[in-house]
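Single-letter residue listing:
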Amino acid sequence: MTHDPFRPRPGPAQAIYDAFQIEASKRKTRPGLTWIDLERGAVQSAANEQARQCGWPIPTAKAVELAECCACGHVDYGSKWAHYIVDHMRKEAAKAVLA
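Caption draft 1: Highlighting the overall build of the chain. Along its length, the chain carries 4 helices and 0 strands. Counting from the amino terminus, the chain carries its helices and strands in the arrangement α-α-α-α. Relative to a compact globule of 99 residues, whose C-alpha radius of gyration would be 13 Å, the chain shows 13 Å and is just as compact. Across its three principal axes, the chain shows a C-alpha extent of roughly 45 × 30 × 25 Å. The buried share of the chain, taken over its 99 residues, is 36%. Considering only contacts within the chain whose residues lie at least 6 apart along the sequence, 53% involve residues at least 24 apart. Here the chain carries 13 positive and 11 negative side-chain charges, and the mean point of each set is 2 Å from the other.

This is the structure in structure tokens:
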């Protein structure tokens, strides 16, 4: 495996990032713009799994898309996307504890 300077440290963000990278590596083989939905689906699935493992609320598809929009334009797009989702899940978990 080659060194990836943007890969998050081990933990939930790394698992989400890795799922994104695996799906993104297939982007050129996907017809049209189907890769967008497939990448979002891979990230959603990985985020759901990390939420279950951490006892956090499952992020909505809207939250995943919003995190992606916030990450767009960054050189470390995949890493930002993963971190934004993890931050969202942590905040939602904290809100649930306070409620």
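Caption draft 2: Looking closely at the nonpolar core. Ranked by size, the top nonpolar core spans 21 residues in total, and within it Ile-16, Val-43, Trp-81, Ile-85 and Met-89 carry the most contacts. Per-element accounting of this core gives the leading share, 7 residues, to helix H4 (residues 77-98). Those residues in contact with Trp-81, other than ones at most four positions away along the chain, are Phe-20, Glu-39, Arg-40, Val-43, Val-64, Ala-67, Glu-68 and Ala-71.

Caption draft 3: The pattern of salt bridges, seen in detail. In total, this model carries 8 salt bridges according to the counting rule given. We note a salt bridge from Arg-30 to Glu-23, for which the minimum N-O separation is 2.8 Å. When its relative accessible area of 26% is taken as the criterion, Arg-30 is described as partly exposed.

Caption draft 4: Representation of the environment of Tyr-17. Mapping Tyr-17 onto the fold places it in helix H1 (residues 12-24). Each C-alpha atom of the pair Tyr-17 and Cys-72 lies 14 Å from the other, and the pair is 55 residues apart in sequence.

Caption draft 5: Highlighting the environment of Lys-26. Inspection of the secondary structure assignment puts Lys-26 in the loop between H1 and helix H2 (34-54). Along the primary structure Lys-26 and Val-75 are separated by 49 residues, whereas in three dimensions their C-alpha atoms are 20 Å apart.

What counts as what
Residues numbered from 1 in each chain as written. Predicted model: local features only at pLDDT ≥ 70, side-chain atom pairs only at ≥ 80, totals over all residues. Heavy atoms only, no water. Helix = DSSP H or I, 4+ residues; strand = E, 2+ residues; numbered from the N terminus. Rg over C-alpha atoms; globule rule 2.2 N^0.38 Å. Buried < 20%, exposed > 50% of the residue type's maximum accessible area, 1.4 Å probe, protein only. Contact = heavy atoms within 4.5 Å. Lys, Arg positive; Asp, Glu negative; His and termini not counted. Charge placed at Lys NZ, Arg CZ, Asp CG, Glu CD. Core = buried A, V, L, I, M, F, W, Y, C linked by side-chain atoms within 4.5 Å. Salt bridge = Lys/Arg side-chain N within 4 Å of Asp/Glu carboxyl O.

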